[in-house]
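Coordinates in review
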Amino acid sequence: MSEVVLRLQDVNKVFEPDTPRAVHVLHDISLELHAGELTALIGPSGSGKSTLLNLMGLLDTPSSGELWIDGQATARLDDAGRTRLRAHHIGFVFQFHHLIGAFSVLDNVLMPLMLQQGKPATAQLDYARHLLDAVGLPNIEQRSAKALSGGQQQRVAIARALVGKPALLLADEPTGNLDTQTAEEVFALFEQFNRDTGCATLIVTHDPRLSARCPRVIELLDGRIVSEPGAL
Ligand SMILES: Nc1ncnc2c1ncn2[C@@H]1O[C@H](COP(=O)(O)OP(=O)(O)OP(=O)(O)O)[C@@H](O)[C@H]1O
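Overview of the structure.

Reading guide: rules and limits
- Residues numbered from 1 in each chain as written.
- Predicted model: local features only at pLDDT ≥ 70, side-chain atom pairs only at ≥ 80, totals over all residues.
- Buried ≥ 20, exposed ≤ 12 C-beta atoms within 10 Å, placed from the backbone.
- Helix = DSSP H or I, 4+ residues; strand = E, 2+ residues; numbered from the N terminus.
- Pairing = 2+ DSSP bridges.
- Right-handed = clockwise from strand over helix to strand, strands pointing away.
- Near = placed C-beta within 6 Å.
- Nonpolar A, V, L, I, M, F, W, Y, C, P; charged D, E, K, R; others polar.
- Expected span 1.5 Å × (residues − 1).
- Contact = placed C-beta atoms within 7 Å.

Right, let's get into the pairing of strand β7 (residues 168–172). The buried fraction of β7 amounts to five of the five residues, a majority that puts the element mostly inside the structure. Because side chains alternate across β7, one face comprises the buried residues Leu-168, Leu-170 and Asp-172, and the other comprises Leu-169 and Ala-171, equally buried. Two elements, strand β6 (residues 90–93) and β7, share four bridges in a ladder whose sense is parallel. Along β7, the bridge assignment pairs Gly-91 with Leu-169. Direction of pairing for β7 relative to strand β8 (residues 200–204): parallel, over a ladder of five bridges. Directly across from Leu-169, in β8, lies its bridge partner Thr-201. A crossover links β7 with its parallel partner β8, the connecting element being helix α6 (residues 180–197), and its sense is right-handed.

Following this line, the structure appears as structure tokens:
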């Protein structure tokens, strides 16, 4: 089996703990994602998919349990340590792309690098342009992001998520806001990058036709993993 990129052990998430409003959203989640794997995360609305993705992406912290990214334990990291680990290992694509409309397409792709290190290196600039080609958006790098269609903006968001060469790519309903054909095309990009870069890719989707294309499917129900042979 290939390298473990992400490992969760007995992860729980309780929102507003120790209050009458406490909600126990994730229960004892244990799983591994490996380099090269393409996995769909499915489950009914409210089953905890986004909560789990936010924990995996180090955007939120578990209430208990441990989470390793590329072998590094994350429970004791402070905010700066988590931000660094995220920047170097994780790409995130959201349903709503969160591009900066006034910035150019290229600057949006380069944004994670600029936040991390300032001016990108020439090789990184070349890679950003290569990614824009690969997502089907050549020759528009200077156009402002707000001038693009929804599908084009999501393509830019995918290039932005990949520009740091992450080992782990997480996508939260990346096609949820797109028409059927555009959704198919955007999903095909995830398949392509998963094949080409070998990054472990986890995609939340409500679309059974798209999850059926993933070699591995993890199903959440009421915050627990059901019917997942890869679960520990
Ligand atoms: N910050 C929060 N505070 C309290 N409860 C929360 C918070 N975030 C999520 N929840 C609750 O956690 C549960 C799981 O939500 P989550 O968004 O993870 O589900 P989901 O499976 O992604 O749903 P959907 O498919 O509708 O996006 C829901 O009951 C939600 O209300």
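Having seen the structure, we can now continue with the description.
Glancing now at the site of the ligand. In the vicinity of the ligand, the contacting residues are Phe-15, Glu-16, Val-23, Val-25, Gly-43, Ser-45, Gly-46, Ser-47, Gly-48, Lys-49, Ser-50 and Thr-51. Of all the secondary structure elements, the ones that give two or more residues to the shell around the ligand are β2 (23–34) and α1 (49–56). Looking at which element gives the most residues to the shell around the ligand, the answer is α1, with three residues. Within the shell around the ligand, the residues separate by chemical class into three nonpolar, seven polar and two charged.

Moving on: helix α3 (residues 105–117). Owing to its 3.6 residues per turn, the α-helix brings residues three or four apart onto one side. A rise of 1.5 Å per residue sets the reference length of α3, with its 13 residues, at 18 Å; its end C-alpha atoms lie 19 Å apart and thus fit the reference within 8%. Residues of α3 that are buried include every one of Val-105, Leu-106, Asn-108, Val-109, Leu-110, Pro-112 and Leu-113, and no others. The secondary structure elements touched by the buried residues of α3 are α2 (79–89), α4 (122–134) and α5 (150–162). Note on α3: the residue one or two positions beyond its end, Gly-118, has a positive phi of about 85 degrees.

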